[in-house]
Structures are given as C-alpha cells and as structure tokens.
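Residues per chain, in single letters:
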Amino acid sequence: MTSETGSERQPVDASPPPSPPPWDRPQFRFWVGTISVVSILAVFLSVFAIAISHPADKGTTVAAPASETAAPTPAGQKIDFNADAPGGFAARDPKAPEPLPGTVHKLTLDVIEKELEIAPGVKQMMWTFGGTVPGPVLRGKVGDTFEITLVNKGTLGHSIDFHASKVAWNVSMKTIEPGESLVYTFVAKHAGIFMYHCGTPPVIHHIGNGMYGALIVDPPDLAPVDHEFVMLQSELYTAPKGEVADLPKMLNEQWDGVVFNGYVNQYKYAPIRVEPNQRVRIWVLDDGPSENSSFHVIGTIFDTVFKEGAYLLRRTSVGPGGSQALDLQPAQGGFVEFSFDEAGLYPFVTHKFASASKGALGVFQAGDVAGASAAGH
Ligand SMILES: [Cu+2]
C-alpha cells in the first residue's frame, strides 16, 4: 500500500488547526442533548399530571358546570316572594279532616283542568283532582275500604295512583281518556299519610302541574290532640299565563317555588292560630315531584314523630328525647306533635332554606300577639 507522501506531510505552515464552530463543540452538543431530554421528560410529566388530575381524561364521565349544560330556563311567570298578601286572601284550610264515617268510603274525584292562583298575581292552568291543588285530603282508618270513582273531565288522558293501596298497576292505575271514568277500589291495610297522584306518563309532568294529594290512614292508637293540621309540600313550576308548565323545567328540576298546600307563603299571609300549651299535630307529606323536605317549626321541639308507618319518637312523661325536623323524600310522610311554651309567633319551614326562601314558609300564632292577627282556623 502506498500513499502519496505529500498528503501525509505536515503543512509547511504549522499553525494549529482552526477550532470548530461553537455548535460543533462537544460541550455544546452535550448540553443541547441534556436540555432536550429534560424538556421532553418535563412535557411528558406535565401531560401525565394533567391526565391523573382530570378524571374526564381517564374516560370517567364528569358533569360540566351547570352553566354549560343546563337547558335554558323555559318561560314562566315570575314569583315575587316579598309580595304582600293579595287583597281578600283566603288560605286553604290547614285543618286535617276528620276520618270519614263508616268503613266503606264511596267517593268521586273529578279530573278538572283549570286556572288557579299559586302566588300573589300568578295564575296559571293546572291539572287537578277535584279542582284544587293539592287535591282533597282523604282520611280513614286501617281496614276501611275506599271505592273511588275517577272521572276524567279534562282534555287529555289522566289516571290515579293511591300509595295507600295494594292493587295491580295495570288494572287500577290505567289512564282513562277524556269523558271516561274508572272505579278504583282498595282496602287501607296500613297506617300513614300516603300520596296519591296521576300516574300517566310523563308522570312528573302531571304531578308538576298539580295532580297530587294525600290520604291519611290513622294508626289505631292515635292520641287525642287539640289541633290537627296537614301540610303537603310540593314544588311550583310556573308557566306563561293561560298555559300549563313545561316538562323540561321539571326534568331539569328548575322549580320556581316550593309551597305548603299549593300557594307561596300561604300561612305567612294567613297565620294559624293556636294557644300556648295546646298539643298540636301536623301531618306532613312531601308530594314532590322532586324536592325533599326537612319540616321544622321554629321555637319548639317535636316530642312525638311518626314517619313512614312507625313512631321514631313518642312522648313519655320523662322522655328527654326531642326532634327538630322531620326529613322526607318525595312521596314520604308522617306527623309531628308539639306544643308552644309561650305566647308568640312561630314560623314553620322546610329547613332546606333554599326552598323556605321560595315560598315554603308559614307562621303559627300562639295566643294573643300585639300587632298580629291570625285567622283562627
Ligand atoms: Cu294526569
């Protein structure tokens, strides 16, 4: 192997070779490489951190904020919760009815679609049992037979479902068309305050527009009291004048009010008169269709509580236990008993204050109170 001698010879000019450009220097390459690797690692770790902190990225369903998903609120009349009582306001009688006489109760309930006032200045079309919202409170005893004739005088199909009954859904609770009637017979086998409601789909639309009520079946050992009242809690869904409320409003739980016995702040406008130290029983039912209730009377303590068929608390001569609220989900009910120790005003609410602030508020007047004028139901 030969080589050209000239090519191996050192150049005549023996000055040092020119240094490479900075980007070609080994140290530069080392740092560029290190920084690149660190950057890639940082990006990867960031993505990983976001992934584990964001359940949605793992495939879990996470609700977006309500403001992004909620359907726009359908139209409806506005309720003024600070409005004064309308002139000549007449509250629905809050007294619980006496048990019906005898043991067989033949009654007729007409389905009537009509305009009702539900708050000061707010009237709208409602679907009703018997022309009122809530429908009439029925009452009997364990073992009684109820034979209810439902007559549909409305413009669309309706039905009735008595929670106090044990009967086949497809037989007794079927939808009847306008002009038709149906006889619904059952024996009240259990004690309690039971919801009844229209069960025609979409059920929430029929309950939300007024088709609900209560049937009380007395426990056999019900103690005597001085006053017995009934409070049915429900939501109000307002509609434009002359219309019934929209279904989407109900499906989205966008109620406009929460009320006792069908009218905003009804017993604030017409306080209920009792006397100090009298025993008071209030039957309470949550007719929904969707909101719960935490029934509370401000300024007293329940010494007896009956909920969903059983006594949770019973007055005894020495019993120290007291109850402050009766908690009810939709279609649950019971009663509370108490007395007022002093003359004065005693508001009652659902202690879910978002609901109390939207109309679920009333007042008891115990004894004479300067400046107050309870109607004396
Ligand atoms: Cu109906």
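Just so it is clear, the model here is predicted, and its values are computed rather than measured. (Residues numbered from 1 in each chain as written. Predicted model: local features only at pLDDT ≥ 70, side-chain atom pairs only at ≥ 80, totals over all residues.)

1. A look at the overall build of the protein
Looking only at helices and strands, the protein features eight helices and 19 strands. Relative to its full complement of 377 residues, the protein shows a buried share of 37%. For the protein, long-range pairs separated by at least 24 residues make up 75% of all intrachain contacts whose partners lie at least 6 apart in sequence. (Helix = DSSP H or I, 4+ residues; strand = E, 2+ residues; numbered from the N terminus. Buried ≥ 20, exposed ≤ 12 C-beta atoms within 10 Å, placed from the backbone. Contact = placed C-beta atoms within 7 Å.)

2. Comments concerning the sheet that holds strand β9 (residues 227-236)
One open sheet holds the six strands; their spatial order is β10-β9-β12-β17-β14-β15, and the pairing between them is mixed. The two strands at the open ends of the sheet, each matched to only one other strand, are β10 (257-260) and β15 (310-313). Sheet twist, expressed as the mean angle between neighbouring strand axes with direction ignored, is 20 degrees. The pairing of strand β14 (residues 304-307) with strand β17 (residues 333-338) spans four bridges and is classified as antiparallel. Looking at the pairing, K307 lines up with G334 of β17. (Pairing = 2+ DSSP bridges. Axes fitted to C-alpha atoms, helices over the stretch in contact; angles between N-to-C directions.)

3. Comments concerning the nonpolar core
F194, A214, L215, W283, V284 and V336 are the most contacted members of the largest nonpolar core, which totals 77 residues. Non-local contacts of F194, meaning those with residues more than four positions away in its chain, are made with F162, H163, A164, A214, L215, V217 and G333. (Core = buried A, V, L, I, M, F, W, Y, C linked by C-beta atoms within 7 Å.)

4. Here we look at unusual backbone geometry
Omega for the peptide link from V133 to P134 comes to -5 degrees, which places this bond in the cis form. With respect to the helices and strands, the residue P134 is situated in the loop between β2 (122-129) and β3 (137-141). A cis amide bond links G288 to the next residue, P289, at an omega of 15 degrees. Despite not being glycine, E253 shows a phi value in the positive range, around 55 degrees.

5. Some words on the environment of H205
One can find H205 in helix α5 (residues 203-208). Classification of H205 as buried rests on a count of 22 C-beta atoms within 10 Å. The sequence separation of H205 and Y237 amounts to 32 residues, and the corresponding C-alpha distance is 9.9 Å. Among residues more than four places away in sequence, those in contact with H205 are L247 and M250.

6. Looking at the sheet that holds strand β8 (residues 212-218)
The four strands are arranged β3-β8-β7-β5 in an open sheet whose pairing can be described as mixed. Here the strands that pair on one side only, and so sit at the sheet edges, are β3 and β5 (161-162). Bridge count between strand β7 (residues 192-197) and β8: six bridges; the pairing is antiparallel. Bridge pairing in β8 places Y196 opposite G213.

7. Some details on the confidence of the model for the protein
For the protein, mean pLDDT is 86; residues scoring 70 or higher make up 78% of the total. Note that pLDDT drops below 50 for residues 1-17; the model gives that stretch one contact with residues more than four away or on any other chain. Throughout residues 40-69 the model reports pLDDT below 50, and contacts reaching past four residues in sequence, or to other chains, amount to eight contacts. (pLDDT = per-residue confidence, 0-100.)

8. Some words on the environment of G334
Within the element layout of this structure, G334 appears in strand β17. Sequence separation between G334 and V230 is 104 residues; the distance between their C-alpha atoms is 10.0 Å. Here G334 is in contact with I193, V284, V305, F306, K307, E308 and L326, once residues within four sequence places are set aside.

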